[in-house]
Amino acid sequence: MRTDTGQVFLLEDYRPTDYDIPEVALVFRLDPDDTRVAAKLTVARRENVAADTPLVLDGDGLMLERLLIDGEAVDPSCYEATEDRLTLRRPPPQARFELTIVTRIAPAKNQALMGLYLSNGIYCTQCEAEGFRRITYFHDRPDILSTYRVRVEARQAEAPLLLSNGNPVDKGELEDGWHYAVWYDPFPKPSYLFALVAGNLSGVRERFVTASGRPVALGIYVEHGKEARATYAMDALKRSMRWDEERFGREYDLDVFNIVAVSDFNMGAMENKGLNIFNDKYVLADPETATDLDYANIEAIIAHEYFHNWTGNRITCRDWFQLCLKEGLTVFRDHEFSADQRSRAVKRIAEVRTLRAHQFPEDQGPLAHPVRPRRYREINNFYTATVYEKGSEVVRMLHTVLGDETFRAAMDLYFARHDGQAVTIEDFLRCFEDASDQDLSQFALWYHQAGTPNVAASSHYDAKARELTLELEQSVPATPSETRKRLMHIPLAFGLVGADGQDMDFQDAEGARVRDGVIHLRKRRQVVRFKGVETRPAVSLNRGFSAPVTLSFEMSRQDRLFLARNDSDLFSRWQALNTLFTEALIDATASVRGGKEPDFDPVLLACPGEIAAEDGLKEAYRALALTLPAEADIAREIGRNIDPDAIAAARNALREAIAKTAARIFEKLYGNLTDSGFFSPDAQSAGRRALRNVLLEYLAAGAADPALATRQFKTAHNMTDRAAALTVLAHQFSRTEAAEEALSTFEETYRGEPLVLDKWFAVQALIPGPDTLERVRRLTGHSAFSLTNPNRVRSLVGTFASSNQSGFHRADGAGYRLLADTVLQLDRHNPQVAARLAVAFRSWRSLEQGRREEARKTLARIAEEKRLSRDLRDIVERTLA
Ligand code: B3K
Ligand code: ZN
């Protein structure tokens, strides 16, 4: 375990290294307990650096066996090697020399899953952010770009497949049943993109011809017998490659592109040059074992990692403060890809829901940080929703502000100007300034300033003057270590919706008739006047969620209902309905806490039935419109003194009231959407299933018995429908015989399918109510559960802590204690996953007093532990601060 030295890294301290390492040659002799790594580094002293300047390389848990300079053993008095550092006190006088470092490592003992480790008998690596230093001593930082030649030697029987980055250049047999392969990657890259895979895997292979006619051999490697489950990922890969050529003019650059799926992985996937390594959850899919959500995630993540080849790999980050340079931009690119492949409005709504569920609470709590942070103790804790999702929103705003053509020109300039370099957010923004001739210094605050801005808006219509006035005011709340905030540039897309539901014309500043547009809010207060507005419109603001802000728009209920029924911008239409639901749920929560029965506006209760039957809308869209805000969404909107039980009661009451109001429509539609038995993962078919399953949830809420859900569970032809029925049974009929029976049938059926059992764990972790804690505790003893597999840990304990509001936030604090126990146990072998789990505490201050105190005590107990990893200590101390 890495010890916590309390060291803080600051952006302003950046300086280049004294020595560069332009070339790396690695030789691995693989053994589970004793792998030998020989690294030959070409070391080049930079200009103006004194000849006797020491060379200091990073390590992490390393054991040095030999050290040579230009082939000669180095005298022990000339260097010092510790587990985490190699210091060459007096490097040779020549400006360029060859340093050979031999280390020994034990992949089988590596449970942190960083560096070289074994997953189910497969050797694999994870080097981002600082895992390469667990393999050999190196300048393990992203501004050191090197070409890599990698020779992998292994026992033929143990590892018939030997992969690394770049192109294959040689292979052959060795003595005693060993063999080898040599790979060369001509594109200089940072060490975090190094990868090696060796094992007994089976491949799905295809060929892709790039726009300029270059053939690329594609391979996706999975466990034997699972080949058929990789075909969807292969299809998604080919579509991604084509899309990047068409939308961004980016072609693939090596002769091969390989993807390997492994079962023990700390996150979703990794974009290593030419050799992406994936959590198998994001590769493997067939109708029997994967849901539509799994298919959509696979498509998005395959695309994301592939897109990194240009945004991240060809152009990389100067230092880890610039993480959003590759992540925010690449998320934007994968969002656009999915929007083009599926429905744009549906995709946008899903993105915004994710942003609000993950990034908003981060931005509003103790872990808030700018999209480009200025300090960190442990960089792995900064792979956050802010860097990724808000980072993507910022790129989307650049697109909104500059328009499609200029945006593309700026991206082209970025690729042309910085190919092969390690750069900063400033370099990136300069391309947009140069391509547009605009000053983006105020816009740049989106990168530098934490916190979710609030925009307060109100409108007034003057019938006589036929003028609409829109008053806008922005404010950015204080966040940790930043109390004074500067005014931001907030691009708000809008439209004026007339009585017929169509967008109305108005006169712009130059007197031209226009229909919709973007307001650029740059001052604290701004008044915008629209002239020539014939009748009073309903104002649709922040269309498409053009800016990631919270919007408080003073608007009559009538107008909001009107927009919920008529707005031509489908995102804003969804938003209007969602706001109405949220307001109703906040009121209902107050009623429950006051001991009163919640009651709801019948007009609102009728909306879901109307939308469900609106044929002009895609099924996937209707499904989203019918989905009530989650308990966590309601809690976030309430903001303080939160009582999760009252929220759950209010939400159940609204669901039931809607179910009663629309019962006939829902029943009929559910019947019409009956599954044909033929499965296709395409967006339209998935949309039909999504709508049908939302309807099932309502119908179950209005029903006295679980018959309908049981029937769907028993007759389902695919995992989407089966898992949805299981969820309804387990959550809405919890602890009934029907629910328990379905759970045990499911367990029986999928005994040998770890990824499906993850769904089974997660469904149970989400059963509402205080008793679920006992169930979760019991399930940690299940034979399929393991603390060393991140997917298992996340599906059971992670799901419980991050998403079961009434279960985790049990009033007696037992949920918090369970999480603390798990986190502490996990921290001993996998700090990254432990720290990630502990993030579930981040909103503790907004709880009601009793729970707040329980959460505080539990956090304090973790903080008191002496032997915490740097990862976990960083999260816990910032959360408590
Ligand atoms: N770049 C990796 C994430 C690495 C996380 C390291 N803690 C996957 C991705 O964002 O594409
Ligand atoms: Zn990424």
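Residues numbered from 1 in each chain as written. Chains lettered and ligands numbered in written order. Predicted model: local features only at pLDDT ≥ 70, side-chain atom pairs only at ≥ 80, totals over all residues. Heavy atoms only, no water.

Draft legend 1. Main features of the overall build of the protein chain. When its secondary structure is counted, the protein chain shows 27 helices and 33 strands. In summary, the protein chain has a C-alpha radius of gyration of 28 Å against a globular reference of 29 Å for 881 residues, a match within 12%. Seen along its three principal axes, the alpha-carbon backbone of the protein chain occupies a region of about 90 × 70 × 60 Å. When burial is assessed residue by residue, the protein chain has 60% of its 881 residues classed as buried. Contacts in the protein chain between residues at least 24 apart in sequence constitute 71% of all its contacts with a sequence separation of at least 6. Here the protein chain displays about 34,300 Å² of accessible surface, and carbon together with sulfur accounts for 48% of that area. The distance from the centre of the 113 positive side-chain charges to the centre of the 129 negative ones in the protein chain is 2 Å. (Helix = DSSP H or I, 4+ residues; strand = E, 2+ residues; numbered from the N terminus. Rg over C-alpha atoms; globule rule 2.2 N^0.38 Å. Buried < 20%, exposed > 50% of the residue type's maximum accessible area, 1.4 Å probe, protein only. Contact = heavy atoms within 4.5 Å. Areas by Shrake-Rupley, 256 points an atom, 1.4 Å probe, with all protein chains shown as cover. Lys, Arg positive; Asp, Glu negative; His and termini not counted. Charge placed at Lys NZ, Arg CZ, Asp CG, Glu CD.)

Draft legend 2. Representation of the coordination of the zinc ion (ligand 2) in the model. Binding of the zinc ion (ligand 2) to the protein goes through His304 (NE2), His308 (NE2) and Glu327 (OE), at separations of 1.9 to 2.1 Å. Mapping the donors of the zinc ion (ligand 2) onto the primary sequence yields the spacing H-x3-H-x18-E. Taken together, the residues span a long stretch of sequence, with His304 in helix 2 (residues 292–307) and Glu327 in helix 3 (residues 323–341) at a distance of 23 residues. When its relative accessible area of 7% is taken as the criterion, His304 is described as buried. (Donors = N, O, S within 2.8 Å, 3.2 Å for Na, K, Ca; no water.)

Draft legend 3. The site of ligand 1, seen in detail. The immediate surroundings of ligand 1 are formed by 14 residues, with Glu128, Glu271, Glu305, Asn380 and Tyr388 found nearest. Between Tyr388 and ligand 1, the recorded distance is 2.5 Å, taken from a side-chain N or O atom to an oxygen atom. A distance of 3.4 Å separates a nitrogen atom of ligand 1 from a polar side-chain atom of Gln832. Across the complex, the protein chains shield 94% of the 340 Å² of accessible surface that ligand 1 would expose by itself. Breaking the shell around ligand 1 down by element, the ones donating at least two residues are strand 20 (269–270), helix 2 and helix 3. When grouped by side-chain class, the residues that make up the shell around ligand 1 number 5 nonpolar, 4 polar and 5 charged. (Near = heavy atom within 4 Å. Polar contact = N/O pair within 3.5 Å; in protein donor to acceptor, adjacent residues only side chain to side chain. Nonpolar A, V, L, I, M, F, W, Y, C, P; charged D, E, K, R; others polar.)

Draft legend 4. Structural detail: the pattern of salt bridges. Applying the stated criterion across every chain, the model contains 89 salt bridges. Here Arg239 makes a salt bridge to Asp235, at a shortest N to O gap of 3.1 Å. Of this pair, Arg239 and Asp235 both sit in helix 1 (residues 231–248), separated by 4 residues, roughly a single helical turn. Within this structure, Arg247, Glu336, Asp340, Arg344, Lys347, Arg348, Glu351, Glu393 and Arg396 form a network of salt bridges that share partners. (Salt bridge = Lys/Arg side-chain N within 4 Å of Asp/Glu carboxyl O.)

Draft legend 5. View of helix 13 (residues 631–638). Within the sequence span of helix 13, burial applies to Glu631, Asp633, Ile634, Ala635 and Arg636. Each element contacted by the buried residues of helix 13 is listed here: helix 4 (344–363), helix 10 (570–593), helix 14 (644–661) and helix 23 (805–808). Two residues or fewer after helix 13 comes Gly639, characterised by a positive phi angle close to 85°.

Draft legend 6. Highlighting the sheet that holds strand 21 (residues 275–279). Across the sheet, 5 strands lie side by side as 17-18-19-21-20; this open sheet has mixed pairing. Both edges of this open sheet fall to strand 17 (202–209) and strand 20, since each of them pairs with a single strand only. Judged from the 2 bridges that link them, strand 20 and strand 21 form a sheet pairing that is antiparallel. By the bridge assignment for strand 21, Ala269 is matched with Phe278. Lying over the sheet, helix 1 contacts strand 17, strand 18 (215–222) and strand 19 (256–262), oriented at roughly 25° with respect to strand 17. (Pairing = 2+ DSSP bridges. Axes fitted to C-alpha atoms, helices over the stretch in contact; angles between N-to-C directions.)

Draft legend 7. The arrangement of the packing of helix 24 (residues 814–827) against helix 25 (residues 831–838) in detail. Helix 25 packs onto helix 24 with a crossing angle of 160° between their chain directions and a minimal axis gap of 8 Å. By the angle between their directions, the pair helix 24 and helix 25 is classed as roughly antiparallel. Two packed elements cross with a definite hand, and for helix 24 against helix 25 that hand is left-handed. Residue-level contacts link Leu819, Thr822, Val823, Leu826 and Asp827 of helix 24 to Pro831, Val833, Ala834, Leu837 and Ala838 of helix 25. For the contact of helix 24 with helix 25, the class distribution of residues is 8 nonpolar, 1 polar and 1 charged. (Parallel < 35°, antiparallel > 145°, perpendicular 65-115°, else oblique. Left-handed = near helix turned anticlockwise from the far one by under 90°.)

Draft legend 8. Representation of the side chain of Thr136. Examined against the element boundaries, Thr136 turns out to sit in the loop between strand 11 (122–126) and strand 12 (146–155). Given a relative accessible area of 0%, Thr136 falls into the buried group.

Draft legend 9. Layout of the pairing of strand 9 (residues 96–105). The buried count for strand 9 comes to 7 of 10 residues, which makes it a mostly enclosed element. Pairing analysis gives 10 bridges linking strand 3 (residues 35–45) to strand 9, with the strands arranged antiparallel. Bridged to Ala38 within strand 9 is Val102. Of the strand pairs in this sheet, strand 5 (residues 64–69) and strand 9 are connected by 5 bridges, and their pairing is antiparallel. Residue Leu67 lies in a different strand from strand 9, and its bridge partner there is Ile101.

Draft legend 10. Focus on the side chain of Thr822. Within the secondary structure, Thr822 sits in helix 24. Not counting residues up to four positions away in its chain, the partners in contact with Thr822 are Leu787, Val797 and Leu837.

Draft legend 11. Here's a closer look at the environment of Arg29. By the secondary structure assignment, Arg29 is in strand 2 (residues 19–29). The partly exposed category is assigned to Arg29, whose relative accessible area is 33%. If we ignore the near neighbours within four places in the chain, the residues touching Arg29 are Asp34, Thr35, Arg36, Glu153, Leu174 and Trp178. A polar contact of 2.7 Å, which involves the side chain of Arg29, links it to the side chain of Glu153.

Draft legend 12. Region of the structure containing empty space enclosed by the protein. By the definition in use, this model includes 1 cavity of 30 Å³ or more. By volume, the largest cavity is sized at about 80 Å³. Lining the largest cavity we find Ser119, Asn120, Ile122, Leu201, Val222, Glu223, Lys226, Ala261, Val262, Ser263, Asp280 and Leu284. Looking at side-chain class alone, the lining of the largest cavity contains 6 nonpolar, 3 polar and 3 charged residues. (1 Å grid on protein atoms, 1.4 Å probe; cavity = no way out; pocket = protein on both sides within 12 Å on 5 of 7 lines; lining within 4 Å. Points joined across faces, edges and corners; volume = space filled by probe spheres on them.)

By themselves, these figures tell us nothing about what the structure is for.
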